[in-house]
2 protein chains.
Amino acid sequence: MTLYLIIGAALLAVLYGIVTRASLMKASTGNERMNEIAGAIQEGAKAYLNKQYKTIAMVGVVVTIALFFLFGMKLIAPVGFVIGAVLSGVAGYVGMLVSVQANVRTTEASRESLGSGLNVAFKAGAVTGMLVAGLALLGLAVYYMVLTGPMGADDRGVIDGLVSLSLGASLISVFARLGGGIFTKGADVGGDLVGKVEAGIPEDDPRNPATIADNVGDNVGDCAGMAADLFETYVVTIAATMILGSILFASVGVLTLYPMAIGAACIVTSIIGTYFVRLSKGSTNVMGALYKGLIATGVLSVAAIAGVTHFVLGGFGEVVGTSFTGMDLLWCSVVGLVITGLIVMITEYYTGTKYRPVRSVAAASESGHGTNVIAGLAVSMEATAIPALIIVAGIIITFSLAGLYGIAIAVTAMLGVAGMIVALDAFGPVTDNAGGIAEMAELPPEVRNTTDTLDAVGNTTKAVTKGYAIGSAGLGALVLFAAYYQDILYFSAQPGNPLSGVTVDFSLTNPYVIVGLFIGGLLPYLFGAWAMQSVGRAATAIVEEVRRQFKADSGILAGTSRPDYAKAVDLLTGAAIKEMIKPSLLPILSPIVLYFAIYFIAGTEQALASLGAMLMGVIVTGLFLALSMTAGGGAWDNAKKYIEDGNHGGKGSEAHKASVTGDTVGDPYKDTAGPAVNPMIKITNIMALLLLAIVAH
Amino acid sequence: MTLYLIIGAALLAVLYGIVTRASLMKASTGNERMNEIAGAIQEGAKAYLNKQYKTIAMVGVVVTIALFFLFGMKLIAPVGFVIGAVLSGVAGYVGMLVSVQANVRTTEASRESLGSGLNVAFKAGAVTGMLVAGLALLGLAVYYMVLTGPMGADDRGVIDGLVSLSLGASLISVFARLGGGIFTKGADVGGDLVGKVEAGIPEDDPRNPATIADNVGDNVGDCAGMAADLFETYVVTIAATMILGSILFASVGVLTLYPMAIGAACIVTSIIGTYFVRLSKGSTNVMGALYKGLIATGVLSVAAIAGVTHFVLGGFGEVVGTSFTGMDLLWCSVVGLVITGLIVMITEYYTGTKYRPVRSVAAASESGHGTNVIAGLAVSMEATAIPALIIVAGIIITFSLAGLYGIAIAVTAMLGVAGMIVALDAFGPVTDNAGGIAEMAELPPEVRNTTDTLDAVGNTTKAVTKGYAIGSAGLGALVLFAAYYQDILYFSAQPGNPLSGVTVDFSLTNPYVIVGLFIGGLLPYLFGAWAMQSVGRAATAIVEEVRRQFKADSGILAGTSRPDYAKAVDLLTGAAIKEMIKPSLLPILSPIVLYFAIYFIAGTEQALASLGAMLMGVIVTGLFLALSMTAGGGAWDNAKKYIEDGNHGGKGSEAHKASVTGDTVGDPYKDTAGPAVNPMIKITNIMALLLLAIVAH
């Protein structure tokens, strides 16, 4: 019964997506020129995603076959993997489709009023958000139902199925995040360098051959990439919580269902929350309107989770077979939601134009490019401290309430509201595109002003979502680590299992644990370095192509002939697909290499210890690196905006030039390397769980 | 007998320092103008260090009194602390004195030939190097002799004395590194911004009021700061190895002496090594000449350590009371020396103009400031991977050979050759100053060419030393962590001790360990952020002062009146002293705050677990942050030099301007925040050991 209700909630989210999309499509798409531009963006985005998914599919087929053989020719693992991968792909692809159809409609609606523009753009974001949460929950719940038909809820087959489903989601996510990130920032950095700096034409100018590619990038990076990322975080976190519930409390079946029930309840509250997003008449406080929706979702979620706790666990008293009460678990959820709120606030503090950090970067721009970058790097490092303290406080409180399962439930509640958070985020690329279309279609400046207002808010929501994503990923990875060592305990207690009787020393006093911590610690650094280099190469390719086009046809800069937009899109598509492979393989292969290296040196027990420590090492340096990169990038971006608003000399001043440099540095920081660290943390963890399952088979 | 020989070797190093300094002083100091400039630098450097040490002394007095009361009104701890602090101060101060007397002599010798210039500058560096190693070993050996007079070698009093001595060295080190780093980079960044960029006058131009301050900065930062840093690493590592030997093998007394004996042997080989530094006739390969000295020291050290092993441990067979042989320990030393060599090579690869990384940064400068910084950041992150792998390999090999003690011996051997390494490093500020003096005294351009050749090498050796310092600090901190938990085991086994019977769970499965890892992980980030901000503020103050002077007296820029150099030095002195306090207190207070916070939440055992994990967290993120900052800064610096050598458009091109931006960013990265992470890692560890001793008293 509970399971049917969960599936019902998931289907409700999908239904919301279909209905809202239909109502969106009714909005006007504006004049012919606007449609032509939007058409080019749609075409480019589809072409890129088709190629990206085709490439991932090839990797996916290999993995599927490998899983089939590694799991004793049974279908549970490969089928789970395919479900996770396909649903993640669908969420990203459909989200991107909605996004590229909503952009031009947002432009057109912005001719009418700010409120109308907001309405169209946010609805588009909400479709993506609900699809992400809905499809993720649907996949988990349906596959869980199928698996628990013939098997008990605590059967290893169920766990293998959930891990494989997570792997599918993770695989898509790391590729989509990286590929999309390289595409979008290659276009952005390259286009700006050759357009703004060399040719002296403004952003989004139709004469720049990289303009369409830049707009395509917003959709495949910030929309499809982010959707895949949060789909993965959602699936992985809830699956890990279920696994933990099943291993720790095999006798208390409801604790495996409880995480999904929280997800279901929060989907309903997120849908209700979307209706709170409305601009009061005459107001221009777009951020306030969005926050109304977020706060409503949060408050309603507490009530809904209380209801779920009562319904699923049968009350707030002691949960039979455990040492905690239903009330304890409810408090853990509240902690998760509070962490979400606090991280949103902290990120806004570090990336908003109203506060010290961004203003310090803007002020430092007056003394030059170098001091702007120094100030930005300082902000980026400083911005890690409070989120880390919040996460630590969350760990201590929830662990005291309900042990490891309590930590897991807090993250589950955090992820529960992912639908709403993705809605806020996916709003960003739509408004960004809407501004681009207004510029290229040469609409009157007041339209561009309206879209600029929306776009500025989009920058903040994008930064906020990234803070949330990495915070939840960090905590989610802890849950995965817990699942990893509980799994070892389980196998160790099974007579006849290849791991029977192993005792793994995870103590910091074991040098192989130190080895794992260091190796894990270096992965995010190397991964980040490669991602930044990829953006650099892609941007250089774009610079050369644009220079070539300008040279081949002098009519382009004169505005008499149209540049070859498709060429730039093609070129970036090729570059991004090629560049995403190497860094993506790093987190996939490292756990395997480390395990076998230590296995040959010191045997199974130390190999398992080192592998576990590697997971923690990845989390520790990954969390700080990702937090600093995303916050720093946001601060640089908004320091530029702050100067453009007329401070420190305004547009065209020396300070402005310095702030453009900072923004360029921040681009791959915040949109490629930083966010891609999330899925890389988790795929390392999932690979470890999988390796364990294989070793134990 | 062994102890007397050790003290003899330490005295030999001090004697070498005295004799070499005397021979240095005989060299000519050139013309009157050169002496005037050198006098101003000497005065500024002395004024700064006097004020810095006075400030540290105030903190030191408080700590001394606190130690007196905390250790039951006994003198062991406070006296140890004072010895460590005073000797570290003497090494830094005398090193600085020699450096500011050698700079002008190097300029004068460079008029004669490159070989003469090298000879003077390297000798000056060697004085500092031998004083660092000699005084460090002297302090350890003499205090050990005094303590073991009335007490047994494994008595807690001996350990308390060694920990307190380490604390003294650490305290000076963190302040000196930060204060010196803020001074030097405030002068460098501020002076460049207002001189090179605004006024358009070259570096080291006598019209720039910040010029003398810049040269003072080289001495108080790169010379005195680095000397204090390596003094501390030396003392802390050897003391920790002795403590580990004493706790693990209380019955095998020689294992407490053995680390000091290795240090003694390596002092002798380092002194011999200095005589190998000689430029072949007609050659200009300065780097090659320096490497000859380093390689000679390394090779001789293997032989010398073999001798020491035979002499102290009575042969290469099994060491009675342990599970390893003398041969195993010799191999551990060899691993330590090989790690040193490999880290030197890797650092040169990442920061040398001949290799891909620096060239990629230089090439990226062609497309602008932003891409230069992106490329530099990518290099900085990438540069962490191989050193981390080397350290991991070192841990695995030495642990397999001789357990924790084996790891400790490897680091001891690494630090053994610190005298030679500091010699290479302290050579840098001397040549940097020599160039500045040549410029300001308006000597013929061929002199400046000679000093430039020396200076370029100095940049590389400075980068190389930083890689070595952080690598050895990372490994040294592991030894400290081992001492920390062995200490807990010791106290736990003592009936009647307040910690009697405690069992601390350092496993990654304990959430309080995770909490410690995260809190430890954030410290280097916050510390780094504050250090960068301090440099920014100091540089801004300099910019304003220089602007004021230019405005108040137009004769300065015209070259008719002399700027007020002393004002800039005073201003920076005040700023650096003020700014160094807050970041320095972070690693000192954090262990105490964390311990008591967790103590009140979850009791002693979890507080100790969290504190231990914090030490590991600091090491993990600190190692990667420091490696990336120092390598990245070196790469940016040399990318600029590579362009100035005529590549990518050469001096004055757009690429050159972009590379100047990268260099500015790299300045606080490589000379303030990055290297200051070393002492901050260790002071956190020492504070934990001390806290433990206090809790157990």
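Residues numbered from 1 in each chain as written. Chains lettered and ligands numbered in written order. Predicted model: local features only at pLDDT ≥ 70, side-chain atom pairs only at ≥ 80, totals over all residues. Heavy atoms only, no water.

As annotated in an unreviewed UniProt entry, chain A is K(+)-insensitive pyrophosphate-energized proton pump from Algimonas porphyrae. Listed under Catalytic activity (unreviewed entry) in UniProt, the entry text for chain A is "diphosphate + H2O + H(+)(in) = 2 phosphate + 2 H(+)(out)". Taken directly from UniProt, the Function (unreviewed entry) text for chain A runs: "Proton pump that utilizes the energy of pyrophosphate hydrolysis as the driving force for proton movement across the membrane. Generates a proton motive force." (UniProt positions renumbered as here; feature names shortened; annotations may be inferred.)

*Asks:* Whenever I open this one, the overall build of chain A confuses me. Can you help?
*Replies:* Helix and strand content of chain A: 19 helices and 0 strands. Scaling as 2.2 N^0.38, a compact globule of 697 residues should have a C-alpha radius of gyration of about 26 Å, and chain A matches this with 24 Å. In terms of overall dimensions, chain A has C-alpha extents of about 80 × 55 × 45 Å along its principal axes. In chain A, which comprises 697 residues, the share counted as buried stands at 69%. Carbon together with sulfur atoms contributes 63% to the accessible area of chain A, which is approximately 20,200 Å² in total. Between the centroid of the 38 positive side chains of chain A and the centroid of its 47 negative side chains there is a distance of 4 Å. (Helix = DSSP H or I, 4+ residues; strand = E, 2+ residues; numbered from the N terminus. Rg over C-alpha atoms; globule rule 2.2 N^0.38 Å. Buried < 20%, exposed > 50% of the residue type's maximum accessible area, 1.4 Å probe, protein only. Areas by Shrake-Rupley, 256 points an atom, 1.4 Å probe, with all protein chains shown as cover. Lys, Arg positive; Asp, Glu negative; His and termini not counted. Charge placed at Lys NZ, Arg CZ, Asp CG, Glu CD.)

*Asks:* Could you clarify how one ought to interpret the interface of chain B and chain A in this entry?
*Replies:* With 64 residues of chain B at the interface, the matching set in chain A holds 64 residues. Here chain B meets chain A over a buried area of about 5,700 Å², counting both sides, of which 85% is carbon and sulfur. Taken together, the connections running from chain B to chain A amount to 0 salt bridges. One can count 6 residue pairs in polar contact (both at pLDDT 80 or more) joining chain B with chain A. Within the residue set of the side of chain B that touches chain A, elements represented by two or more residues are helix 5 (156-199), helix 11 (369-382), helix 12 (385-416), helix 14 (445-492), helix 15 (511-552), helix 17 (565-602), helix 18 (604-644) and helix 19 (654-696) of chain B. Take the side of chain B that touches chain A: its biggest share by element is 16 residues, from helix 15 of chain B. (Contact = heavy atoms within 4.5 Å. Buried area = accessible area lost by both parts, 1.4 Å probe. Salt bridge = Lys/Arg side-chain N within 4 Å of Asp/Glu carboxyl O. Polar contact = N/O pair within 3.5 Å; in protein donor to acceptor, adjacent residues only side chain to side chain.)

*Asks:* Which parts of the structure should I look at to understand the relation of the copies chain B and chain A?
*Replies:* For these two chain copies, the linking operation is a rotation about an axis paired with a shift along it. Least-squares fitting of chain B to chain A yields an RMSD of 0.0 Å, with the transformation described by 0.0 Å of translation along the axis and a rotation of 180°. Such a combination of turn and shift is consistent with a two-fold rotation axis. Across chain B, the smallest distance between a C-alpha and the rotation axis is recorded for Ser507 of chain B, namely 1.9 Å. A symmetric contact is evident, with 100% of the interface residues of chain B recurring at the interface of chain A. (Least-squares fit on C-alpha atoms with pLDDT ≥ 70 in both.)

*Asks:* Would you mind showing me how to read unusual backbone geometry here?
*Replies:* Negative phi characterises most residues that are not glycine, and trans characterises most peptide bonds. With phi around 55°, Met73 of chain A is a residue other than glycine that occupies positive phi space. For Met73 of chain A, the location among the structural elements is in the loop between helix 2 (32-70) and helix 3 (76-112).

*Asks:* In this structure, what is going on with the nonpolar core? I would like to understand it.
*Replies:* Generally speaking, soluble globular proteins have nonpolar side chains that are buried together. Ranked by size, the top nonpolar core spans 557 residues in total, and within it Met260, Tyr484 and Phe518 of chain A together with Met260, Tyr484 and Phe518 of chain B carry the most contacts. Contacts of Phe518 of chain A, omitting those with residues within four sequence positions, involve Ile391, Val392, Ile395, Leu478, Ile619, Val620, Leu623 and Phe624 of chain B. (Core = buried A, V, L, I, M, F, W, Y, C linked by side-chain atoms within 4.5 Å.)

*Asks:* Is there a simple way to explain the environment of Pro511 of chain A in this structure?
*Replies:* Structurally, Pro511 of chain A can be placed in helix 15 (residues 511-552). Take Pro511 of chain A: its relative accessible area is 8%, and that puts it in the buried class. It is 39 Å that separates the C-alpha atoms of Pro511 of chain A and Val254 of chain A, two residues lying 257 residues apart in sequence. Filtering out sequence-adjacent residues up to four positions away, Pro511 of chain A remains in contact with Ile395 and Phe399 of chain B.

*Asks:* I'm lost on a nonpolar patch on the surface in this one. Help?
*Replies:* All names here are of chain A. On the surface, Leu12, Leu15, Val19, Val268, Ile272, Phe276 and Leu300 cluster together to form a nonpolar patch covering roughly 560 Å² of accessible area. Taken together, the elements giving at least two residues each to the nonpolar patch come down to helix 1 (2-25) and helix 7 (254-274). No other element matches the 3 residues that helix 1 contributes to the nonpolar patch. Note that Val268 resides in helix 7. (Patch = residues over 30% accessible without salt bridge, like charges linked within 9 Å, V, L, I, M, F, W, Y side chains within 5 Å.)

*Asks:* Teacher, can you tell me more about the state of the cysteines here?
*Replies:* Each disulfide consists of a covalent bond between the sulfur atoms of two cysteine residues. All names here are of chain A. What the rule picks out here adds up to 0 disulfides over all chains. Free cysteine Cys266: the closest other cysteine sulfur is in Cys332, separated by 14 Å. Exposure remark for Cys266: the relative accessible area of 0% places this residue in the buried category. (Disulfide = S-S within 2.5 Å.)

*Asks:* What is the right way to read the packing of aromatic side chains from this model?
*Replies:* Think of a pair of aromatic rings as described by two things: how far the centres are apart, and how the planes are tilted against each other in angle. In total, this model carries 42 aromatic pairs over all chains according to the counting rule given. Measuring from centroid to centroid gives 5.3 Å for Tyr599 of chain A and Phe600 of chain A, while their planes differ by 70°, and the two rings are edge-to-face. Relative accessible area serves as the criterion here: at 34%, Tyr599 of chain A is assigned to the partly exposed category. With a centroid separation of 5.7 Å and an interplanar angle of 70°, the aromatic rings of Phe481 of chain B and Phe506 of chain B are classed as edge-to-face. Of the two residues, Phe481 of chain B sits in helix 14 while Phe506 of chain B sits in the loop between helix 14 and helix 15, which places them 25 residues apart along the sequence. One exposure class covers both Phe481 of chain B and Phe506 of chain B, and it is buried. (Phe/Tyr/Trp six-rings, centres within 6.5 Å; stacked < 30°, edge-to-face > 60°.)

*Asks:* Explanation requested: helix 4 (residues 114-148) of chain B in the structure shown.
*Replies:* For helix 4 of chain B, with 35 residues, the first-to-last C-alpha span of 50 Å sits near the 51 Å given by 1.5 Å per residue. In terms of residue burial, helix 4 of chain B counts as a mostly covered element, since 28 of its 35 residues are buried. (Expected span 1.5 Å × (residues − 1).)

*Asks:* Explain the confidence of the model for chain A here, please?
*Replies:* The predicted coordinates ought not to be read in detail in places where the model reports low pLDDT. Of all residues in chain A, 100% attain a pLDDT of 70 or more, and the chain-wide mean is 92. Under the prediction, the complex receives an ipTM of 0.94, its pTM being 0.94. (pLDDT = per-residue confidence, 0-100.)

*Asks:* When you look at the UniProt feature "site: Determinant of potassium independence" (unreviewed entry) in chain A in this model, what are you seeing that I'm missing?
*Replies:* Residues and elements named next belong to chain A. Under the UniProt annotation, the feature "site: Determinant of potassium independence" (unreviewed entry) is placed at Lys462. Relative to the helices and strands, Lys462 is located in helix 14 (residues 445-492). Judged by its relative accessible area of 7%, Lys462 falls in the buried class. If sequence neighbours within four positions are ignored, Lys462 has contacts with Asp222, Asp425, Gly428 and Asp432. Polar side-chain contacts of Lys462 include one of 3.3 Å to the side chain of Asp222.

*Asks:* For this particular structure, what's the right way to read the pattern of salt bridges?
*Replies:* Side chains that carry opposite charge are capable of pairing whenever their charged atoms lie near each other. Inspection of every chain in the model, using the stated rule, returns 50 salt bridges over all chains. Between Glu108 of chain A and Arg111 of chain A there is a salt bridge, and its shortest N-O distance comes to 3.5 Å. Remark: Arg111 of chain A and Glu108 of chain A occur in helix 3; sequence separation between them is 3 residues, near one turn of the helix. Classification of Arg111 of chain A by relative accessible area gives partly exposed; the value is 39%. With a closest N to O distance of 2.8 Å, Lys640 of chain B and Asp663 of chain B form a salt bridge. Taken together, the residues Lys640 of chain B in helix 18 and Asp663 of chain B in helix 19 connect sequence positions 23 residues apart. You can call Asp663 of chain B buried: its relative accessible area is 5%. Taken together, the salt bridges that share partners define one network made up of Lys185, Asp188, Lys466, Asp637, Lys641, Asp667, Lys670 and Asp671 of chain A.

*Asks:* Looking at this structure, I do not really get the packing of helix 11 (residues 369-382) of chain A against helix 19 (residues 654-696) of chain A. What am I missing?
*Replies:* Residues and elements named next belong to chain A. Remark: helix 11 packs on helix 19, axes separated minimally by 8 Å, with the N-to-C direction vectors making an angle of 40°. When the interaxial angle is binned, helix 11 and helix 19 end up oblique. Crossing of helix 11 over helix 19 shows right-handed handedness. Packed against helix 11, whose contacting residues are His369, Asn372, Val373 and Leu377, the element helix 19 presents Lys657, Ala658, Ser659, Thr661, Gly662 and Tyr669 at the interface. Tallied by class, residues from the contact of helix 11 with helix 19 come to 4 nonpolar, 5 polar and 1 charged. (Axes fitted to C-alpha atoms, helices over the stretch in contact; angles between N-to-C directions. Parallel < 35°, antiparallel > 145°, perpendicular 65-115°, else oblique. Left-handed = near helix turned anticlockwise from the far one by under 90°. Nonpolar A, V, L, I, M, F, W, Y, C, P; charged D, E, K, R; others polar.)

*Asks:* How should I be thinking about the side chain of Ser659 of chain B in this particular structure?
*Replies:* All names here are of chain B. Structurally, the position occupied by Ser659 is in helix 19. Residue Ser659 is classed as buried on the basis of its relative accessible area, which comes to 0%. With near-sequence residues (within four places) excluded, Ser659 lies in contact with Ser365, Asn372, Trp636, Lys640 and Ile643.

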